[in-house]
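This is what each chain is made of:
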Amino acid sequence: PAEGPSTVPLIVVCILLGFPEGVELCVEKGADVNLVYSGPLRLPDQTVVTDCTSKVPLLRLALSVRGPSQCEIVQHLLAGRVRCKTVQLLRKKYRE
């Protein structure tokens with residue numbers, strides 16, 4: 001049987017599109033900034049991984065955005081009160 005289209009939260013779509021105004025609006029309207037994402041992900045070397053088996057926090061997804069919108073998107077997510085544990089784990093990972 002064919003499955004229907006997958007549902008992706010609007011905040012995730014805005015992050016993937018590099019649309020900071022959309023992320024800001026989602027956060028203002030109460031979107032959960034502590035969601036995890038398990039879809040395609042752009043790596044630092046610009047390759048795209050499509051078969052993600054692990055889930056990444058939205059903050060990690062925002063860090064995969066390239067260009068000037070990355071900073072704004074991250075700021076909006078942090079303003080939405082990302083868990084401290086998420087920030088600490090990402091700091092540790094990027095220091096390695």
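Structure shown above.
Attention in this report is confined to the structure presented alongside it.

### Focus: the packing of helix α2 (residues 20-28) against helix α4 (residues 69-79)
Link 1 in the chain: Between α2 and α4, the shortest axis-to-axis distance is 9 Å and the interhelical angle comes to 5 degrees. Overall, the two elements α2 and α4 adopt an arrangement that is roughly parallel. Here Pro20, Val23, Glu24 and Val27 of α2 come into contact with α4, specifically with Ser69, Glu72, Ile73, His76 and Leu77.
Link 2 in the chain: Here the contact of α2 with α4 is built from residues that sort into five nonpolar, two polar and two charged.

### So, α2
Link 1 in the chain: Residues of α2 that are buried: Pro20, Gly22, Val23, Cys26 and Val27. Mapping the buried residues of α2 onto a view down its axis gives an arc of 160 degrees, with all of them on the same face.
Link 2 in the chain: Residues of α2 that are buried in the fold lie against α1 (10-16) and α4.
Link 3 in the chain: Backbone geometry just downstream of α2 places glycine 30 in the positive-phi region, at approximately 95 degrees.

What counts and what doesn't
- Residues numbered from 1 in each chain as written.
- Predicted model: local features only at pLDDT ≥ 70, side-chain atom pairs only at ≥ 80, totals over all residues.
- Heavy atoms only, no water.
- Axes fitted to C-alpha atoms, helices over the stretch in contact; angles between N-to-C directions.
- Helix = DSSP H or I, 4+ residues; strand = E, 2+ residues; numbered from the N terminus.
- Parallel < 35°, antiparallel > 145°, perpendicular 65-115°, else oblique.
- Contact = heavy atoms within 4.5 Å.
- Nonpolar A, V, L, I, M, F, W, Y, C, P; charged D, E, K, R; others polar.
- Buried < 20%, exposed > 50% of the residue type's maximum accessible area, 1.4 Å probe, protein only.
- Arc of directions from axis to C-beta.

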